[in-house]
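Chains, contacts and geometry: an overview
Okay, here's what each chain looks like letter by letter:
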Amino acid sequence: MSDQNLEIMTATHHKTKPDPETLEFGKTFTDHMFIMDYSIDHGWHSPRIIPYQPLTLDPAAMIYHYGQTVFEGLKAYRTDDERILLFRPDQNFKRLNRSSDRLSIPDIDPELVIEYLSELLKLDKEWIPTYEGTSLYIRPFIIATEPNLSVAPSATYKFMIILSPVGSYYKEGIAPVGIYVEDEYTRAALGGTGTAKTAGNYSAAYKAQDKATAHGQAQVLWLDSSEKKYIEEVGSMNVFFKIDGEIITPALSGSILEGVTRKSIIELLNSWDMPVSERKLSIDEVLLAIEENRLEEAFGTGTAAVISPIGELSWKGKQSLINNRETGPLATKLYETLTGIQKGKQPDPFNWTHEVK
Ligand SMILES: *Cc1c(COP(=O)(O)O)cnc(C)c1O
């Protein structure tokens, strides 16, 4: 077995599990965590599962100064017959390596890491909530740890995985949100780090999110950085529109994060003979389609919410409703199919689920 040298130190104290009905996103963590270290001489080494605990780092650790870090986000589900299912974990760890490559961080072995993650999940299995709509959110991440103020890649890193039980995104069923089209700040530029899941992309979006909130909208719709004309993403989700029967998602332009949910939806729709146009889509085209009643549906896609229908668009002080602020049939069908596959309640013709054994 390739996990031979995985060391497991179990927690002697077990925390009380939160009430699954009032779970909030990312605020409680399980009893254990996974950690391994990297050095130039030894590569990734000393994989271990330890009780969940704080880290001690030198104040000069490079992560604190230049943000050399990457992360991932995926979910584990516990089925009615007590199996643990992951959704396309290989995709997440391959993407982690692509993010790492952009940030000059050494890559990990996705297969080996999925084995380590599996051991962690088995140990904290009781933390996977079973209540309708809940799951265990998995946050793998890497940080630069060398104490050195030079502006250069770190010589040492830590890779960690922490687990957080999360509640149903939709307490009262899947509900459309309003979005604010951002025309001042941008999320990512060509040649920048938009295609990587790296810390700075997210903290740099807070100002725009504040504006959206101040305008009474839930999320930001990001336009491209050079022309502020083409749609890129919504919040931390990819985005789809249905106009005149055509299903459109912005093409991977070099500044869009390639979502696993986005990819899965495209594959699912293809299998239903509903091809998706991956192309440039301007905000003007969308506004005109709304005006002429040709915009049928719009929704964001990502691991956290799976599908998040868009019910309203706010642009330069003007609000337009989409599909009368109702969830459309396509969003509903995609949500039910994807979550059905993820929870093992529907056939999985694509072999997307990975059972933890
Ligand atoms: C994570 C993320 C997504 C969605 O990716 P999934 O793999 O579907 O969860 C989309 N956009 C951004 C900016 C993201 O960080």
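Residues numbered from 1 in each chain as written. Predicted model: local features only at pLDDT ≥ 70, side-chain atom pairs only at ≥ 80, totals over all residues. Heavy atoms only, no water.

Put simply, the test is: UniProt positions are given in the numbering used here, feature names are shortened, and annotations may be inferred rather than shown by experiment.
As named in an unreviewed UniProt entry, the chain is Branched-chain-amino-acid aminotransferase, taken from Alkalicoccobacillus murimartini. As recorded by UniProt, the Sequence similarities (unreviewed entry) comment attached to the chain reads in full: "Belongs to the class-IV pyridoxal-phosphate-dependent aminotransferase family." Regarding the chain, the relevant UniProt record gives this comment under Cofactor (unreviewed entry): "pyridoxal 5'-phosphate".

1. Quick word on the side chain of Thr30
The following threshold applies: Strands are runs of DSSP state E lasting at least 2 residues, helices are runs of H or I lasting at least 4, and numbering of each runs from the N terminus. By the criterion applied in these results, polar contacts are pairs of N or O atoms within 3.5 Å in which, for protein atoms, one can donate a hydrogen and the other can accept it, and in which residues neighboring in sequence qualify only through two side-chain atoms. Contacts are assigned to residue pairs that have any heavy atoms within 4.5 Å of one another.
With respect to the helices and strands, Thr30 occurs in the loop between β1 (7-8) and β2 (32-39). Among the polar contacts made by the side chain of Thr30, one reaches the main-chain carbonyl oxygen of His32 at a distance of 3.2 Å. Side-chain polar atoms of Thr30 contact the side chain of Asp124, separated by 2.7 Å. Ignoring any residue separated from it by four or fewer positions in sequence, one finds Thr30 in contact with Lys15, Tyr52, Asp124, Trp127, Leu136, Leu163 and Pro165.

2. Description of the site of the ligand
We count it as follows: Here a residue is considered near a molecule or strand provided that any single heavy atom belonging to it is located within 4 Å of it. For accessible areas, the Shrake-Rupley method is used with a probe of radius 1.4 Å. Any residue's cover is judged against the shown protein chains and nothing else. Throughout this entry, Asp, Glu, Lys and Arg are counted as charged residues, while Ala, Val, Leu, Ile, Met, Phe, Trp, Tyr, Cys and Pro are counted as nonpolar. The remaining residues, Gly among them, count as polar.
Around the ligand, the structure places 14 residues, and the nearest of them are Lys197, Tyr202, Glu233, Thr261 and Thr303. One of the side-chain nitrogen or oxygen atoms of Glu233 is found 2.5 Å away from a nitrogen atom of the ligand. Val260 is positioned such that a nitrogen or oxygen atom in its backbone is 2.8 Å from an oxygen atom of the ligand. Protein contact buries 96% of the 380 Å² of open area that the ligand shows by itself. Of the residues that constitute the shell around the ligand, the class distribution is 4 nonpolar, 6 polar and 4 charged.

3. What to know about helix α8 (residues 329-342)
Here is the rule we go by: Any helix carries an expected span of 1.5 Å times its number of residues minus one. Burial status follows relative accessibility: with a 1.4 Å probe on protein chains alone, a residue under 20% of its type maximum counts as buried, one over 50% as exposed, and anything between as partly exposed.
Between its first and last C-alpha, α8 extends 20 Å over 14 residues, near the 20 Å set by a 1.5 Å rise per residue. Among the 14 residues in α8, 10 count as buried, and that is most of the element. Looking at α8, one finds that the buried residues are Leu330, Ala331, Leu334, Tyr335, Thr337, Leu338, Thr339, Gly340, Ile341 and Gln342. Positive backbone phi, approximately 75°, marks Gly344, located one or two places after α8.

4. Considerations on the domain arrangement of the chain
Heads up, the condition is: Here the limits of each domain have been adopted from an automatic or database domain assignment. Summed over both partners, the accessible area (1.4 Å probe) lost when two parts come together is defined as the buried area.
Parsing the chain into structural domains produces domain 1 (3-166) and domain 2 (177-342). Between the C-alpha centres of domain 1 and domain 2 the distance comes to 28 Å. On the domain 2 side, the residues contacting the 19 residues of domain 1 number 20 residues. For the pairing of domain 1 and domain 2, the buried interface totals around 1,800 Å² over both sides, and the portion due to carbon and sulfur atoms is 56%. Interface area lost by domain 1 to domain 2 is led by Phe71, Phe87 and Arg95, which between them contribute 33%.

5. Some points on the pairing of strand β14 (residues 276-279)
Selection criterion: Only when DSSP finds a minimum of two bridges between them are two strands counted as paired.
The pairing of strand β13 (residues 246-250) with β14 spans 4 bridges and is classified as parallel. In the strand pairing of β14, Thr249 is matched with Glu278.

6. Section: the side chain of Glu182
Positionally, Glu182 belongs in the loop between β9 (177-181) and α4 (199-203). Owing to a relative accessible area of 0%, Glu182 belongs among the buried residues under this scheme. A polar contact is formed between the side chain of Glu182 and the backbone nitrogen of Glu184, at a distance of 2.9 Å. Discounting residues that sit within four places of it in the chain, Glu182 has contacts with Ala208, Lys211, Val220, Leu221, Trp222 and Leu223.

7. So, a negative patch on the surface
The condition that has to hold: Only residues above 30% relative accessible area that lack a salt bridge enter a patch, with like-charged residues linked at up to 9 Å and the nonpolar side chains Val, Leu, Ile, Met, Phe, Trp and Tyr linked at up to 5 Å. A side-chain nitrogen of Lys or Arg and a carboxyl oxygen of Asp or Glu constitute a salt bridge if their distance falls within 4 Å. Think of it this way: Lys and Arg go in the positive column, Asp and Glu in the negative one, and His and the chain ends go nowhere. We put the charge of a Lys on NZ, of an Arg on CZ, of an Asp on CG and of a Glu on CD.
Together, Asp101, Asp107, Asp109 and Glu111 make up a region of like negative charge exposed at the surface. For Asp109, the location among the structural elements is in the loop between α2 (89-102) and α3 (110-123).

8. Quick notes on the packing of α2 against α3
Applied cut-off: Helix axes use the C-alpha atoms of the stretch in contact, all axes being lines fitted to C-alpha atoms, and the angles between their N-to-C directions lie in the range 0 to 180 degrees. Under this scheme an angle from 65 to 115 degrees is roughly perpendicular, one under 35 degrees roughly parallel, and one over 145 degrees roughly antiparallel; angles in between are oblique. Handedness of a crossing follows from how the near helix is turned relative to the far one, being left-handed for an anticlockwise turn of less than a right angle and right-handed for a clockwise one.
Orientation of α2 relative to α3, taken along the N-to-C sense of each, is 125°, at an axis distance of 9 Å. Relative to α3, the element α2 lies oblique. Note on packing geometry: the crossing formed by α2 with α3 is right-handed. Contacts between α2 and α3 involve Pro89, Asp90, Phe93 and Asn97 from the former and Pro110, Val113, Ile114 and Leu117 from the latter. Looking at the contact of α2 with α3, its residues break down into 6 nonpolar, 1 polar and 1 charged.

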